[in-house]
Each structure stands twice: as structure tokens, then as C-alpha cells.
Amino acid sequence: MNMLTEAAVEKAVDQKMNTIPYKMIGQDVSVYYGEKRALFDVKLNIRENTVTALIGPSGCGKSTFLRSLNRMNDTIDGCRVTGKITLDGEDIYDPDIDVVELRARVGMVFQKPNPFPKTIYENVAYGPRIHGLAKSKVDMDQIVEHSLQRAGLWNEVKDRVHEAGTGLSGGQQQRLCIARAVAVSPEVILMDEPCSALDPIATAKVEELIHELRENYTIVIVTHSMQQAARVSQRTAMFHLGNLVEENDTDKMFTNPDDPRTQDYIMGRFG
Amino acid sequence: MTDIVSPGQGVVVSKAPERRDIGLKRRYAAERRFRIYGIAAISFGLIFLAVLLTSVVSKGYTAFLQTAITLPIEFSEKTIDPNNKRATDPSVLIAANYSVLIRDAMVKTLNLNASSRPEVRDATAMISKGAPIQLRDMVVADPSLIGRTVNITLLADANVDSANKGQIDLKVDEKNRKVNDRQVGWMNQLAETGALHKKFNTGLFVNGNSSRPEAAGLGVALVGSLYLMLIVLVLSLPIGVAASIYLEEFAPKNKLTDLIEVNINNLAAVPSIVYGLLGLAVFINFAGLPRSASLVGGLVLTLMTLPTIIIATRAALRAVPPSIRSAALGLGASKMQMVFHHVLPLAMPGILTGTIIGLAHALGETAPLLLIGMVAFVANAPATPMEPSTALPVQVYMWANEAERAFVERTSGAIIVLLLFLILMNLGAILLRRRFERRW
């Protein structure tokens, strides 16, 4: 593929981007921790089968926004969310929406790898088991193998799936957590700085994985690394002091951002 | 290495600045002093532990052996059943005077003058006063013994037991001691033939309480303590764990739960005798449960143990990393599934340790049991927790109040048994923790 055609393809993707439907829509999302307001009327839409990166300096509210997408903020005492967030057009804060079902549809991978202190198999099988996704042992074996393959971990662990998941290396543990999230067949996967505890090689593997997962899942990723955002995402949203500064195609964001604050942050002038 | 450190020819080395006094000496001296305080504190504790254990063991180990005298008892028909009525009226066997059999056997064995009353009295006093009952029970169980002569091992009187163990100072004037010279002579005579010997004191673990030290045992106390432990375990573990899980994982954090938390922590510090008064007022006077019963004791100890278990369980639950909870919730587990599939199994070692330490605490508790009447003299083992009973520490307390020399060693013996149970329970706690401990 020569340079010209590559550019043409990129352009085609850009044009296509505007036709991609929105998987999740956030309207005037504000989050309060007790008296303190952490997010100010954020309007941010997440496109289907796209990787959306949330960037910004520490404490800017990007993780808070991410956690409000599958209502993980509910577990924090004194946390309150206003505004509206929809998944496929349904308000996820509607009293009729079951938070358990929502989290089965919107999975999450955390900053620090947090496998259960159980075997690799049990780690992956736990989600499908509580949601009754496997009819039989054979079914379950298939789900586990498939999920581990999706997470690019199968070849490394296929001989020891019944050994402790906590015995894996940090990067493998994080991919195990991704396999665990994938196993319940979510529609959206939220990743909260999934590579911040990993070395560059493990990071590269996870990024490659995110790239592949994009085909089947909608991914929202919080990251502190500009390069990572540039590498893995198609859309990028920049947060600052609880406000959404800019949301744009990643390419445009990193070459010609609309907002001077984005420019400053990307250039490393603050943050 | 030197060639790395020493510079080559012509290399200019930077000059070290003048050393500042950063108080290194003072800092190291402070550390040394602190270590010495620590070692002193530990040694102090160890010395007292050693004194306690040596004192208890040196006084108490003799309680596990007991002096017995084997005599050829002639079950003469003339004494037991002179009119040969046992076939029609078995009660004659119960009413018969078995002391005579022992007296005759002693007279015969020691070649005594049967007509000298003081001599015969001194000789029969060497045998436990419970011996005639032992013989009666044998004859009632097997009347064919009548007419035969059988070698039978009888318990020695507690004073003879003490003298045989060297606990009575024989240099003291004869009038001022419980065993006179004539009896000591007979003891030696019997010991030479092997008739007087020491045997393992099974009675200590089987018998109930008795005013005769040689027959007194911990049987009732052991059964009572077992009932207490079972009741405390069955009630306080589920209630305590359920309360902790609710407070820690489900309850909203507000003024009310803060108040409850403060109260639970305070309850753990309430003197145990207050729980005894509460038990007396509520379970016995109000609810009408029987006095001295291990059921009431168990309920009172449950109340006393609950705060300990709740505090330990909450600490264990809090020690489970929040990332595990997030992982479970993030997968769509309900709160209940998160707690029972992930948090509780990880907290289990801590919960078990707390529970066993709470139980061990309850096992050694005396004051509340005194108030609900478990301090009664109980000779027969209780069949159910509703019957009167005592407990191990209460038995220690009761025996410590007795005057006889033989009760002193039994008190220490009972303490050894109690300590053994406590050590076993603590060992169990450690093993369980090791077994279930998981790392993440």
C-alpha cells in the first residue's frame, strides 16, 4: 500500500466517522462528590465500534465521566450524577434500568490489574456463570477459550488455565482482566488507564488488543499518554477542570486542535 | 575493585565538602535505646509467663496421677447377704455394709489386731470413703462375686495420696499432720508389695464434683464448657458475621450506623460481670430459663462474644482490597454476589481467627457464669444444656476455695486442662488462617 492510497483510506474513514451511529450519548452530565462538583455539564457522545480516548490532566474528571457510563459511581458514598446518559437511546439512570444488567452490557477494565484470587479459568468463567451465559461445561470451556483468545492470552496460558490468575505477570493479568470483561459479551468496554501499571512491551500488546477489539466492541479509554491516545483511538475528548474542552477526530486533535488549551496540553505546556 | 575507585594518573577528583553534623550518632543511639526497651518489655512478659507456667505445672502435674491401693477383697456372703434373700429382694445388696469388707481386707493384709479399734480405724481411713460404693456397684452389677475373693484396686484417701506424692511434710509433729506415723509405716509396707501404687487419674476427666478430693473430677465442667462453646459458636458466628456484613457492605453510612458502630465498640469493653447481671435479669428472671443451665450460660457468653466477633469480622471485610469489589461489580455481579463470591471468602481467615479468639475468651470467662448460678455443686454430668452444670474456669474457682491439700493440686491440674484447651483453640485459629490465607 503506497502513501497515496493510505491517505485516501484515512480520508474515507474520516468521512465515514460522521455516519457512525452513537452508542452512548451524554447530555449535560454533572457529577458531584458530596458538595464538590467534579464534572460540569459534559456533552459527549460515544460512537459505535470506535475507540474514544479521554485525555486531560489529573483530576480533570475523565475517570469520573468514564465511571458514570456504567454507574460505577453508584458505589461511592455521596456521589450524585445529574444530566442524562443513554445507551442505545435508553437512559441508564432511569429507575427502571437494572444496574446489574447495565454493567453486563457496559464492561470495565481497571487501572491496576485486579484478577480474582482464583484460577485463570475461574476468573474468566465468573461473569458468564453469574449471568447464566453457558448452558453446559462444554459451553463454558468454549467461552473461556474464546475470551482468552480474544484477549491474546490463550497461547500463553492454555496449559495452565487451572493455575492461579494472580501468578501471571502484570501485563498478562491485565489481559486476563480484559478477557474477563469480554467473556460476558458486553457492547461497550470502559478502560481506565489500562496500561499505567504495565511496561512498554505489555502496553504494546494491550494496545494491539484494543485495536482488534474495536471491530466488535465500542471502547472508551482513559489515558495519560498522548501517544497512546494517538495510537489506539479514532476519537479523542479532552477534559480540563471538570469541563469538556474539545472532542474531535484523533487525527485532527493531535495535528490541528480547535481549542488552544488542547494544543497547550498536547504540547506539554501544562498538565 | 581498587582500580575502579582509584583514579588514573592525571585525573582530577572533586573535593568533598566539609562534613555537616547531621546528628547520626544521636539518631543511632535513639534507635539502639528503643530496641533495648523493646527487648526489655518482651523479656519482662516472657519471665512472667514462665513463672506462671512453672508455678501451675509444678503444682498441677501431680493431679494427673493418683494413689490407689489394691486389696484382696473377700465378698463374704455373711456380711453382704446373711439371710440369703438376694434372689427375692435385690435391695439387700444395696443396703449391705460394704465398709466391713474393706476393714476385713485391711486387717488381713496388714496383719492388724482386729480388736484394737484405733488401729483398725486408722487403717480403713487410708482408703477413700467412696470405696464401699465402688464395691456395692460391683456386687449389684454382678452378684456372682459373692463368696469369692478378688483383687480390687481402690482409691486411696486424699491424705494418703498427698503423703505418697511427698506433699505432706513428715518431719512435722505427728499430731499436726493428717497422716500419722503408723499410717506412713503401712503405706511403706503396702508400697513394698506393690499393693499401693500410682495410676493415671482418669477420674479427673470423668467424675463430677465431690467433697472428697480423690473422687473430684472435671467431668461435669468439661461437658458444661463443651455445651457453652457449642451454643456460643452456633449463635454468635452467624449473627456476628451477618451483622458485620450488613454494617460493612450494605448499610448506608449515616449518624445511625455511626452510633451503632460506637456502641458495638463500647460493648466489647463492658465488664463481663455486667453481662452476667443482664443474663440473670433477662434470661432467668424474665424469660424463666432454668438457673445454672449451660443454655443460659451460652446465651450470656454469646452476648459477650458478639462484639468481639463483629469487630474482627468488620476488620477482615475492610481488609479485602476494594479492587476486588470493583472487579466483581464491573462484571455485573450484584452486591450480594460480590460479597458472598469474593469478599467473604477472602475475609474468612480473619473471621475465623476472630471467632476462635472470641470463643477462647468465652471459654475462660468466669464472672458472668457465677451470676447465673453455674457455680453450683454438680455431681452428675448434664444430659442436655437445660440441666445444671458448671464450666472449667468456674470449677477452678470452686476448687481454689477448698482447704484440703489435695484440692490445691487439682486446682492447678484443672488450670492445666483449661490452658491446654485454650492452646488447642489458638493453634486451630493459626492453622485455619494458614490454610485459607490467599494472596493477591
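Rules and cut-offs
- Residues numbered from 1 in each chain as written.
- Chains lettered and ligands numbered in written order.
- Predicted model: local features only at pLDDT ≥ 70, side-chain atom pairs only at ≥ 80, totals over all residues.
- UniProt positions renumbered as here; feature names shortened; annotations may be inferred.
- Helix = DSSP H or I, 4+ residues; strand = E, 2+ residues; numbered from the N terminus.
- Rg over C-alpha atoms; globule rule 2.2 N^0.38 Å.
- Buried ≥ 20, exposed ≤ 12 C-beta atoms within 10 Å, placed from the backbone.
- Contact = placed C-beta atoms within 7 Å.
- Nonpolar A, V, L, I, M, F, W, Y, C, P; charged D, E, K, R; others polar.
- Domains from an automatic or database assignment.
- Pairing = 2+ DSSP bridges.
- Axes fitted to C-alpha atoms, helices over the stretch in contact; angles between N-to-C directions.
- Parallel < 35°, antiparallel > 145°, perpendicular 65-115°, else oblique.
- Left-handed = near helix turned anticlockwise from the far one by under 90°.

Chain B has the name Phosphate transport system permease protein PstA in an unreviewed UniProt entry, where Rhizobium altiplani is given as its organism. Per its UniProt entry, chain B bears the Sequence similarities (unreviewed entry) comment "Belongs to the binding-protein-dependent transport system permease family. CysTW subfamily."

A separate point is the overall build of chain A. A count of helices and strands for chain A gives 11 helices and 10 strands. Taking 18 Å as the expected radius of gyration for a compact globule of 271 residues, we find that chain A reaches 19 Å, a close match to that expectation. Expressed as lengths along the three principal axes of its C-alpha atoms, the size of chain A is roughly 55 × 55 × 35 Å. For chain A, the residues scored as buried account for 43% of the 271 residues in total. A sequence separation of at least 24 residues applies to 67% of the contacts in chain A between residues at least 6 apart.

The next point concerns the overall build of chain B. Along the backbone of chain B there are 19 helices and three strands. Relative to the compact-globule value of 22 Å for 440 residues, chain B shows a C-alpha radius of gyration of 33 Å, a clear excess of over 25%. Projected onto the principal axes, the alpha-carbon positions of chain B cover approximately 120 × 70 × 35 Å. Among the 440 residues that make up chain B, the fraction classed as buried is 36%.

In this assembly, 20 residues from chain A lie in contact with 17 residues from chain B. Broken down by secondary-structure element, the contributors of at least two residues to the side of chain A that touches chain B are helix H3 (99-105), strand S6 (106-109) and helix H4 (120-130) of chain A. The residue inventory of the side of chain A that touches chain B, partitioned by class, reads 10 nonpolar, six polar and four charged.

Right, let's talk about the environment of glutamate 31 of chain B for a bit. Residue and element names in this part refer to chain B. Along the chain, the position of glutamate 31 falls in helix H2 (residues 24-60). On the neighbour-count criterion, glutamate 31 (10 C-beta atoms within 10 Å) is exposed. Between the C-alpha atoms of glutamate 31 and threonine 257, which are 226 residues apart in sequence, the distance is 43 Å.

What follows covers the domain arrangement of chain B. Under the domain assignment used here, chain B contains domain 1 (61-200) and domain 2 (219-436). Across the boundary between the two partners, domain 1 of chain B contributes eight residues, which contact seven residues of domain 2 of chain B.

Before going further, it helps to spend a moment on the sheet that holds strand S5 (residues 90-91) of chain A. Residues and elements named next belong to chain A. Ordered by their spatial adjacency, four strands build an open sheet running S2-S1-S4-S5, and the pairing between neighbours is antiparallel. In this open sheet, the two edge strands, each paired with only one partner strand, are strand S2 (36-47) and S5. The sheet contact formed by strand S1 (residues 22-33) and S2 spans eight bridges and is antiparallel. Residue pairing for S2: glycine 26 is matched across the bridge by leucine 44.

Residues and elements named next belong to chain A. Where H4 meets helix H7 (residues 170-183), the axes come as close as 7 Å, and the angle between the chain directions of the two elements is 30°. What the angle tells us is that H4 and H7 run roughly parallel. The chirality of how H4 crosses H7 is right-handed. Two secondary-structure elements touch here, H4 through Ile120, Asn123, Val124, Gly127 and Pro128 and H7 through Leu176, Ala179, Arg180 and Ala183. Taken together, the residues that form the contact of H4 with H7 break down as six nonpolar, two polar and one charged.

Residue and element names in this part refer to chain B. Summarising the element assignment, valine 220 is placed in helix H11 (residues 219-250). Taking the C-alpha atoms as reference points, valine 220 and serine 236, 16 residues apart in sequence, are found 24 Å from one another. What valine 220 contacts, discounting residues up to four positions off in sequence, is Gly208, Asn209, Val378, Ala381, Pro382, Ser389 and Thr390.

This paragraph deals with the packing of H4 of chain A against helix H5 (residues 137-150) of chain A. Residue and element names in this part refer to chain A. Axis separation between H4 and H5 bottoms out at 9 Å; the angle between their running directions is 110°. Here H4 is positioned roughly perpendicular relative to H5, judged by the angle of their axes. Helix-helix and strand crossings are classified by hand; for H4 and H5 the assignment is right-handed. Facing Tyr121, Val124, Ala125 and Pro128 of H4, the residues of H5 in contact are Met140, Ile143, Val144, Ser147 and Leu148. Among the residues making up the contact of H4 with H5, the classes are represented as eight nonpolar, one polar and no charged.

Attention now moves to the sheet that holds strand S1 (residues 65-74) of chain B. All names here are of chain B. Overall, antiparallel pairing links the three strands, which are arranged S2-S1-S3 in an open sheet. Unpaired on one side and paired on the other, strand S2 (149-155) and strand S3 (196-200) mark the two borders of the sheet. Direction aside, the axes of adjacent strands within the sheet are offset by 40° on average. Both S1 and S2 contribute to a ladder of seven bridges, which runs antiparallel. By the bridge assignment, alanine 68 is partnered in S2 with leucine 155.

This next bit is on the UniProt feature "domain: ABC transmembrane type-1" (unreviewed entry) in chain B. Summarizing the sequence annotation, UniProt attributes the feature "domain: ABC transmembrane type-1" (unreviewed entry) to residues 222-428 of chain B in the numbering used throughout. End C-alpha to end C-alpha, residues 222-428 of chain B measures 19 Å, and it is 76% helix and 0% strand.

All names here are of chain B. Per the UniProt record, "transmembrane region" (unreviewed entry) is found at residues 34-57, 226-247, 267-289, 295-317, 338-363 and 413-432. Helix makes up 100% of residues 34-57 and strand makes up 0%, while its end C-alpha atoms are separated by 34 Å. Secondary structure content for residues 413-432 is 100% helix and 0% strand, while the C-alpha to C-alpha distance between its ends is 29 Å.

Once that is clear, we can look at the environment of alanine 95 of chain B. Residue and element names in this part refer to chain B. Mapped onto the elements of the fold, alanine 95 is located in helix H4 (residues 91-95). Taking the number of C-beta atoms within 10 Å as the measure of exposure, alanine 95 has 10 and is therefore exposed. Remark: the alpha-carbon pair of alanine 95 and histidine 361, spanning 266 residues in sequence, is separated by 47 Å.

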